[in-house]
Amino acid sequence: FYCNTRRSVQTISEFVGADLSKAVKENSAVIRTFEGIAVQFSYTADMFYTSIYLRYNPLYEEEKLEGWITEISGNVIGRPFLTRNEETGKLNVVVFDDLNNIYLIDHFGKITWKTPLIDLPLSQIYVVDNFRDGKKQFLFNTGSYLYLIDRSGNYVGDYPIKFMAEATCGIEMLENEDDQDYRLLVALSDNRVYNLDINAKATAGWQKVSTAQPVKVPVQHLQNNDKDYIFITDENGGVTIVNRKGEPRINLKKGFRKAKNSEFYINQTNSKGTFITTDTDGKLVYVTENGKVDRADFGDYSSEHFFLYEDITKDDSRDFIFVDQNKLHVLDRMKEPLLEFQFPEKITVQPV
């Protein structure tokens, strides 16, 4: 048995008896000054041997395990985006910094290109093939502009294209199956949601959807039984559900305020509703096709909680995952706790 003691204090405490486990936890700082622990059992003929190796080394520095480290001009903002290089097949990294730059970093950690932007990004990056020639571009938006940047870091054509009004959220991209064109759903500062083509022009046939308050989170798109559902959530948690033409898909019979850090999911647990999400009170919300709204209580959570609906136990039944402040709670469909954990600090970024 061998372990790196600095990384294994919790593991060691689980291997030993209760009294020793307590001592290990109370003296974790001292234990981390040992470079390693090895225990070996062996025998020769009638003799049985126990060998223990323990090395004290408070000056020990672990080998850095990073594949590469790359320094950029400003602080990284948002999450890094991985994209595969079409020629090498290797993964590259796209990142933004707070000095309004976008970078492409190759798999060796070398900055391939750096391109200045006018303002900071709001959306995720979409990889598109706008010219249908197999050459990909990066599509994203800021508050004022729609950007399309080619794989060499150059602006495509007339991009960036200025929006008719300030965008209040990131774009949500739909691919039109009929003409293989891209459709971009984005909310602007006039409290309307627009359906634009990749040139930021309004598409025909879309009924502009108005909201009571500004929309600060990207529009969400789900498909169920060959139907499209577009969920629009305004700043106060008000929800509007429309189809691909902007026409009402579900008229809610009873309104609710959706939690800002919760998304909609297709319900795979029961028949209480087609979709589930959570509200600002932390309650699970079921929405049916005819607009009926029902709730279930999975515990008390603040309005800032994160909610995920995933099969964490791999038993073909989705579980209910709540992250609130610094606490994680996972419950099964019968509301039985599966996992609880408390972090040292508040969680502020959407869990994955």
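Above this text sits the structure in question.
Nothing here was measured: the structure is a model prediction, and the numbers come from that model.

Details of the overall build of the chain
Counting its regular elements, the chain contains three helices and 27 strands. Radius of gyration (C-alpha) of the chain: 26 Å, far over the 20 Å computed for a compact globule of 352 residues. For the C-alpha atoms alone, the extent of the chain along its principal axes is close to 85 × 50 × 35 Å. Accessible area for the chain stands at about 20400 Å²; split by element, carbon and sulfur atoms hold 49% of it. Of the side-chain charges in the chain, 41 are positive and 52 negative, and the distance between the mean point of each set is 3 Å.

Some words on the side chain of Lys258
Tracing the chain through its elements places Lys258 in the loop between β19 (248-250) and β20 (265-266). Of the side chains with opposite charge, Glu263 comes closest to the buried, unpaired Lys258, at an N-O distance of 7.7 Å. Not counting residues within four places of it along the chain, the set of residues in contact with Lys258 comprises Thr233, Gly237, Val239, Phe264, Thr277, Thr278, Asp279 and Thr280.

Let's talk about the sheet that holds strand β25 (residues 319-324)
As a general point, the strands of a sheet are linked pairwise by backbone hydrogen bonds and lie either parallel or antiparallel. Spatially, β24-β25-β26-β27 is the arrangement adopted by the four strands of the open sheet, whose pairing is antiparallel. What marks the edges here is a single partner per strand, and that holds for β24 (306-310) and β27 (337-342). On average, each strand axis in the sheet is inclined to that of its neighbour by 10°, with strand direction left out of account. Pairing of β25 with strand β26 (residues 327-331) involves five bridges; the strand directions are antiparallel. By the bridge assignment, Asp324 is partnered in β26 with Lys327.

As for the pairing of strand β6 (residues 101-105)
Across the five residues of β6, five count as buried, placing the element largely inside the fold. A two-sided burial pattern is seen for β6, the buried positions comprising Asn101, Tyr103 and Ile105 on one face and Ile102 and Leu104 on the other. Note: strand β5 (residues 91-97) against β6, five bridges, orientation antiparallel. Note on β6: the bridge partner recorded for Val93 is Ile105. Between β5 and the antiparallel strand that follows it, β6, lie three residues; Asn100 among them carries a positive phi value of about 65°. Here five bridges tie β6 to strand β7 (residues 111-116), and the two strands are oriented antiparallel to one another. Among the inter-strand pairings, Ile105 is bridged to a residue of β7, identified as Ile111.

A look at the sheet that holds strand β18 (residues 239-242)
Sheet architecture is open: four strands sit in the order β16-β17-β18-β19, paired in antiparallel fashion. Across the chains shown, the open sheet's two edge strands, defined by having one partner strand only, are β16 (220-224) and β19. Strand-to-strand twist of the sheet, defined as the mean angle between neighbouring strand axes without regard to direction, takes the value 40°. Where β16 meets strand β17 (residues 227-233), five bridges bridge the pair, whose relative direction is antiparallel. The residue bridging Gln223 from the neighbouring strand is Asp228, located in β17.

Here we look at the pairing of β17
Within β17, six of the seven residues are buried, which leaves it mostly tucked inside the rest of the structure. Hairpin remark: β16 followed by β17, antiparallel, with two residues in the connecting loop; positive phi at Asn225, about 55°. Where β17 meets β18, four bridges bridge the pair, whose relative direction is antiparallel. The partner of Phe231 across the bridge, within β18, is Ile241.

Describing the nonpolar core
Across soluble globular proteins, nonpolar side chains show a tendency to be buried alongside one another. Formed by 20 residues in total, the largest nonpolar core has its most connected members in Val128, Leu139, Leu146, Tyr159, Ile171, Met173 and Leu184. Those elements that provide at least two residues to this core are β8 (126-128), β10 (145-150), β13 (181-188) and β14 (192-196). The element best represented in this core is β13, accounting for four residues. Ranked by size, the runner-up nonpolar core spans 18 residues in total, among them Ile276, Tyr286, Tyr309 and Leu328.

Some details on a nonpolar patch on the surface
Side chains of Phe41, Tyr43 and Phe48 sit close together on the surface and give an oily, nonpolar patch of about 440 Å² of accessible area. With respect to the secondary-structure elements, Tyr43 resides in strand β2 (residues 34-44).

Quick look at the side chain of Asn224
The residue Asn224 is located in strand β16 in this model. Note on Asn224: relative accessible area 15%, which makes it buried. The residues touching Asn224, leaving out its near neighbours within four places in the chain, are Tyr229, Ile266, Thr274, Phe275 and Glu289.

Quick word on the pattern of salt bridges
A side chain of one charge can pair with a side chain of the opposite charge when the charged atoms of the two come close. In this structure the tally under the stated criterion is nine salt bridges. One salt bridge in this structure joins Glu235 and Lys216, with 3.2 Å as the shortest N-O distance. On the criterion of sequence distance, the pair formed by Glu235 in the loop between β17 and β18 and Lys216 in the loop between β15 (209-210) and β16 is long-range, its members being 19 residues apart. Judged by its relative accessible area of 45%, Lys216 is partly exposed.

A few points about the packing of aromatic side chains
Tallied over the full model, the rule gives 19 aromatic pairs. Seen in terms of ring centroids, Phe1 and Phe15 are 5.2 Å apart; in terms of plane orientation they differ by 55°. Their pairing is tilted. Note that Phe1 is positioned in the segment before β1 (2-3) and Phe15 in helix α1 (residues 9-15), a separation of 14 residues in sequence. Considering the side-chain rings of Phe96 and Phe140, the 5.1 Å spacing of their centres and the 70° angle between planes classify their relative orientation as edge-to-face.

Cut-off values and rules
Residues numbered from 1 in each chain as written. Predicted model: local features only at pLDDT ≥ 70, side-chain atom pairs only at ≥ 80, totals over all residues. Heavy atoms only, no water. Helix = DSSP H or I, 4+ residues; strand = E, 2+ residues; numbered from the N terminus. Rg over C-alpha atoms; globule rule 2.2 N^0.38 Å. Areas by Shrake-Rupley, 256 points an atom, 1.4 Å probe, with all protein chains shown as cover. Lys, Arg positive; Asp, Glu negative; His and termini not counted. Charge placed at Lys NZ, Arg CZ, Asp CG, Glu CD. Buried < 20%, exposed > 50% of the residue type's maximum accessible area, 1.4 Å probe, protein only. Salt bridge = Lys/Arg side-chain N within 4 Å of Asp/Glu carboxyl O. Contact = heavy atoms within 4.5 Å. Pairing = 2+ DSSP bridges. Axes fitted to C-alpha atoms, helices over the stretch in contact; angles between N-to-C directions. Core = buried A, V, L, I, M, F, W, Y, C linked by side-chain atoms within 4.5 Å. Patch = residues over 30% accessible without salt bridge, like charges linked within 9 Å, V, L, I, M, F, W, Y side chains within 5 Å. Phe/Tyr/Trp six-rings, centres within 6.5 Å; stacked < 30°, edge-to-face > 60°.

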